[in-house]
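# Report on the structure
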Amino acid sequence: MMAVEVKDLRKSYNGFEALKGISFHLEKGEIFALLGPNGAGKTTTIRILCGLTRPGGGQAFFFGMDIFKNPLKAKKLAGLVPQALNLDLDLTVWENLLIHGLLFGLSLQEIKEQGQSLMEFSGLRARLHHKVRTLSGGMRRRVLITRALLHRPRILFLDEPTVGLDPHIRRKLWGLIKRIQQQGTTILLTTHYIEEAEFLANRVAFIDNGTLVIVDKPQNLTSRLGKYAVDIVQEDGLETKYFPDRQSAEDFILSRRETGTTVTLRRVNLEDAFVYFTGKRV
C-alpha cells in the first residue's frame, strides 16, 4: 500500500489552472521531491494534501484512505512544515509546542514526553524555554519541524523548508530530514534548490505550470543525458552539450580550441536534467 497516492489532482483560481491534473505516489518511508520554479504548483499541491485548500478535482489517499472524505483523520496522519514561519515569536518554544499538541488532542504528559524527545533529537533541548524571537533562522526552522512531528505523523510535508537560509544551516537541516526518514516517516518535499532535491530525494518530480513533466530517481534523470557536460560560452548565452564519458567530452573540447571559445567541463547534475525536460531553469 502506498503512503500517498494522488490521482488527477486539479485546482483553479479565478480561471487560472494552478494544477492541471497531476498524478503521483509516495512509497512508505521515501523522500519524494517536487522540484520546480516559483508558481509551478508545489505549494498548492501541499496545501490541498494538508486540507488547507479545496481541490478542484481528483483524488488523494493516505495509506489507502480517501483524505477528502476523511479530512480530520487525514490531518492526524500528516505533519506540515510551511514555507512561511508561523510560530508565535512572543511565546517560548515549549509554549508553541504545547498549543500545537493540545490542538491535536494530545495529553499534557504526551506533549511533555514527545516534546522533550524531539527537542533532543533536533538538538534544541537547551532552547525549550527560550522565546522563539531570540532564535536564529535555522533554529526556528528546526522548531517548525519539531512541532510538525509532535503528534507522531506518518507523513511529513516540507514546503521549501530551507528557503532563505545560508548553505551551512541548510545542510544541518538536511541531516535532520534524513534522520527523520530513518525513523520511518514518509516525506514530501517541495524545493527550488536543485542540490537539495539531488541530495535528499529518493525520487524527484519536475513540476512546471501545474503539470508534472517527469518522475524518476535523480540518478536516472541525469543518466539520460550522459555523465559529463561541456558548457560553451556564446554571444547569445550558454550552450551545453552532454557526453557519455570524460574522454568524449575532452575530445570535443580539443576540437573547439582553435575557435577560441570558452568552455567548461563538469559532471552532469539534476539542474541539467530539469532544463532538458522542461526547457527552463528553476
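Everything below is about the structure shown above.
This report concerns the structure included in the present document. Keep in mind that this is a model prediction, so the values were computed, not measured. (Residues numbered from 1 in each chain as written. Predicted model: local features only at pLDDT ≥ 70, side-chain atom pairs only at ≥ 80, totals over all residues. Heavy atoms only, no water.)

## As for helix H4 (residues 108–121)
With 14 residues, H4 extends 20 Å from end C-alpha to end C-alpha; this agrees with the ideal 20 Å at 1.5 Å per step. Within the span of H4, buried status applies to Ile 111, Gln 114, Gly 115, Leu 118 and Met 119. The buried residues of H4 all sit within an arc of 130° when viewed along its axis, so they share a single face. In the core, the buried residues of H4 are packed alongside helix H3 (93–103) and helix H5 (137–149). At the exit of H4 stands Gly 123, carrying a positive phi of roughly 75°. (Helix = DSSP H or I, 4+ residues; strand = E, 2+ residues; numbered from the N terminus. Expected span 1.5 Å × (residues − 1). Buried < 20%, exposed > 50% of the residue type's maximum accessible area, 1.4 Å probe, protein only. Arc of directions from axis to C-beta. Contact = heavy atoms within 4.5 Å.)

## Comments concerning the packing of H3 against H5
Packing of H3 against H5 brings their axes to within 9 Å, and their N-to-C directions diverge by 30°. If you check the angle between H3 and H5, you find them roughly parallel. As H3 runs across H5, the sense of the crossing is right-handed. Contacts between H3 and H5 involve Val 93, Asn 96, Leu 97 and His 100 from the first element and Val 143, Thr 146 and Arg 147 from the second. Class assignment for the residues of the contact of H3 with H5 results in three nonpolar, three polar and one charged. (Axes fitted to C-alpha atoms, helices over the stretch in contact; angles between N-to-C directions. Parallel < 35°, antiparallel > 145°, perpendicular 65-115°, else oblique. Left-handed = near helix turned anticlockwise from the far one by under 90°. Nonpolar A, V, L, I, M, F, W, Y, C, P; charged D, E, K, R; others polar.)

## Looking at the nonpolar core
Membership of the largest hydrophobic core comes to 44 residues, with the highest contact counts inside it found for Val 204, Phe 206 and Leu 270. With six residues, the single largest contributor to this core is H5. The residues contacting Val 204, other than those within four sequence positions of it, are Ala 33, Leu 35, Ala 197, Ile 214, Val 215, Asp 216, Pro 218, Leu 221 and Leu 270. Membership of the second largest hydrophobic core comes to 29 residues, among which are Ile 22, Leu 34, Ala 78 and Ile 155. (Core = buried A, V, L, I, M, F, W, Y, C linked by side-chain atoms within 4.5 Å.)

## Brief notes about the packing of H5 against helix H6 (residues 167–182)
Two elements in contact, H5 and H6, have axes whose closest approach is 10 Å; the angle formed by their N-to-C orientations is 15°. By the criterion of interaxial angle, the relationship of H5 to H6 is roughly parallel. Here H5 runs over H6; the crossing is right-handed. The residues of H6 that touch H5, namely those facing Gly 138, Arg 141, Arg 142, Ile 145 and Leu 149, are Ile 169, Leu 173, Leu 176 and Ile 180. Residue composition of the contact of H5 with H6, by class: six nonpolar, one polar and two charged.

Interpretation in functional terms is not warranted from these geometric data alone.
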